[in-house]
Amino acid sequence: MRLIHHGMKTRTTAHLSMEILIGYILLVGVLLSTILLIIGLAWHWARTGHLRFEYPIVGMNLFEFISLDVRQIVSGPFRPMLIVNLGIAVVMFTPYIRVLASMLYFAWVERNQKYTLFTGFVLTALTYSLFLR
Amino acid sequence: MSFELLFLTSIIAGFVGSMSGMGGGIILIPVLTFLGMDIKHAIAISIVSVIATSSGSASAYVRDRITNLKVGMFLEMFTIIGAWVGAAITLVSGKRPLFVLFGIVLLASWVTLFKQRRESWTPVAHQDRLSQWLELEGSYYDQPMGQTLQYRGGRAYLGGPLMFGAGVIAGLLGIGAGALKVLIHDLVMGLPPKVSTTTSNLIIGVTALSGTSVYLVAGFISPGLAAPVILGVLLGAFIGTRLLVRLTNQTVRHFFLVVLFVLGVEMIVRGIVGV
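Predicted model, so just to flag it, every value in this text is computed and none were measured.

Trainee: Quick one: what's the story with the overall build of chain B, residue by residue and with numbers?
Mentor: The helix and strand tally for chain B stands at eleven helices and two strands. From first element to last, N terminus to C terminus, chain B shows the α and β order α-α-α-α-α-α-β-β-α-α-α-α-α. Computed over its C-alpha atoms, the radius of gyration of chain B comes to 18 Å, within 12% of the 19 Å expected for a compact globule of 275 residues. When burial is assessed residue by residue, chain B has 56% of its 275 residues classed as buried. In chain B, of all internal contacts separated by at least 6 residues, the share reaching a separation of at least 24 is 82%.

Trainee: Please give an account of helix α9 (residues 193-217) of chain B that cites residues and values.
Mentor: All names here are of chain B. Its 25 residues give α9 an end-to-end C-alpha distance of 37 Å, which sits within 8% of 36 Å, the value for a rise of 1.5 Å per residue. Most of α9 is tucked away, with 23 of its 25 residues classed as buried. G219, located one to two residues past α9, shows a positive phi value of around 80°.

Trainee: Help me get a handle on the environment of A:H44, residues and values and all.
Mentor: Residues and elements named next belong to chain A. Turning to its location among the elements, H44 is positioned in helix α2 (residues 18-48). Residue H44 is classed as buried on the basis of its 22 C-beta neighbours within 10 Å. In this structure, the C-alpha to C-alpha distance between H44 and M81, residues 37 residues apart in sequence, is 7.4 Å. In this structure H44 touches L51, F53 and P80, once residues within four positions along its chain are discounted.

Trainee: Please give an account of the pairing of strand β2 (residues 147-152) of chain B that cites residues and values.
Mentor: When a strand is regular, its side chains alternate between the sheet's two faces. Residue and element names in this part refer to chain B. Among the six residues of β2, zero are classified as buried, and the element is accordingly described as predominantly exposed. Relative to β2, strand β1 (residues 137-142) runs antiparallel, the two sharing six bridges. Looking at the pairing, Y141 lines up with T148 of β2. The antiparallel pairing of β1 with β2 creates a hairpin that spans four residues between the two strands, and G146 there sits at a positive phi of about 70°.

Trainee: Tell me about the nonpolar core, residues and numbers included.
Mentor: Among the nonpolar cores identified, the biggest contains 123 residues, and B:V48, B:I169, B:A226 and B:I230 are the most heavily contacted of them. The dominant element in this core, judged by the number of residues it contributes, is helix α4 (residues 80-109) of chain A, at 17 residues.

Trainee: Got a sec to walk through the interface of chain A and chain B? Specific residues and values, please.
Mentor: Often the size quoted for an interface is simply the accessible area lost on bringing the parts together. Every contact between the two is made by 48 residues of chain A and, on the other side, 41 residues of chain B. Counting residues per element, the ones that place at least two in the side of chain A that touches chain B are α2, α3 (62-75), α4 and α5 (113-131) of chain A. The leading source of residues in the side of chain A that touches chain B is α2(A), at 14 residues. Tallied by class, the residues present in the side of chain A that touches chain B amount to 32 nonpolar, twelve polar and four charged.

Here is what the cut-offs are and how they apply
Residues numbered from 1 in each chain as written. Chains lettered and ligands numbered in written order. Predicted model: local features only at pLDDT ≥ 70, side-chain atom pairs only at ≥ 80, totals over all residues. Helix = DSSP H or I, 4+ residues; strand = E, 2+ residues; numbered from the N terminus. Rg over C-alpha atoms; globule rule 2.2 N^0.38 Å. Buried ≥ 20, exposed ≤ 12 C-beta atoms within 10 Å, placed from the backbone. Contact = placed C-beta atoms within 7 Å. Expected span 1.5 Å × (residues − 1). Pairing = 2+ DSSP bridges. Core = buried A, V, L, I, M, F, W, Y, C linked by C-beta atoms within 7 Å. Nonpolar A, V, L, I, M, F, W, Y, C, P; charged D, E, K, R; others polar.

Now the structure itself:
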């Protein structure tokens with residue numbers, strides 16, 4: 001959802017400088033993740049009276065982690081744990097979105113092939129490692 | 001480990017990290033292991049919090065137009081691969097070498113902090129062809145000087161491979177390795193000090209993400225433990241940056257020096273004697 005949003009933002013606000021675009025992507029990412037983590041923890045505290053979270057760690061990549069979380073939010077009872085998971089996913093996704101936005105900016109606004117290629121390489125490597133199992 | 005203890009430790013780590021310019025991880029990991037956490041789990045949790053602090057601080061510097069985006073995005077290609085390799089090494093490594101290596105990096109940071117970085121800057125006189133082709137140049141408005149500073153970056157052929165090494169350290173030990181990145185920008189590529197630190201801040205985020213991806217798949221990141229650490233380190237760093245403007249006190253610096261030295265020696269001893 002955020003991914004599409006930022007993609008569109010790049011196109012519609014082409015007059016914006018890359019610095020402003022990247023600066024705000026990072027800022028929104030940090031604020032959003034902080035809010036999600038605080039809500040999740042506060043909700044957990046309100047329900048259980050403590051802040052200790054104990055749930056098994058399952059080895060999965062970021063995309064599996066997010067899709068599992070979203071599926072659980074949609075299907076099951078809306079648990080605080082899922083909000084915390086979402087907060088952590090946003091932390092991890094923020095630099096990823098930043099790289100994606102930079103690549104689109106270099107490609108469409110600056111029309112700089114060299115740097116489109118460089119950021120494209122970073123994006124590919126990150127996508128690969130985040131899909132990795 | 002209780003939530004309160006984890007949160008409090010992270011606030012202190014974030015605070016001390018931003019005040020000293022060393023980042024949160026370098027304090028967080030030794031303290032977490034001291035409190036009984038497994039070093040690999042401490043490294044994995046720390047590196048997630050490094051992403052958050054990088055995004056937080058970089059957002060302001062990027063908007064202030066001090067960060068050099070092209071330098072950052074060129075060097076990122078090397079650090080993300082390095083971090084990936086580093087994290088993979090940690091997964092298969094024994095715990096004792098990690099303690100020793102962490103201690104060595106702590107003491108190396110101690111040396112750089114002890115010697116206190118010079119704020120003078122020698123501009124690159126002749127830009128090599130690769131750096132020129134890479135468009136490594138820029139300008140920023142320097143507030144204390146009250147003028148716009150033009151600069152060029154050089155020796156990209158050396159900076160790139162060295163940044164791979166910085167990435168390995170970051171992924172291996174779960175830290176930002178910002179001090180090392182700044183040194184490369186500064187001494188090898190000839191960037192002005194402010195551009196060095198702010199650009200390093202930007203690079204740290206994707207580097208840490210690359211390392212995090214390895215730890216996540218390996219199952220080392222527990223959201224219940226990561227959440228208080230992320231919030232704590234962010235809060236501590238926020239307080240630290242606010243105070244930094246007013247505190248350039250020698251007493252504070254001496255305090256950091258003692259803390260870093262004790263932590264460094266402690267980690268090495270634990271690595272040699274056994275945990």
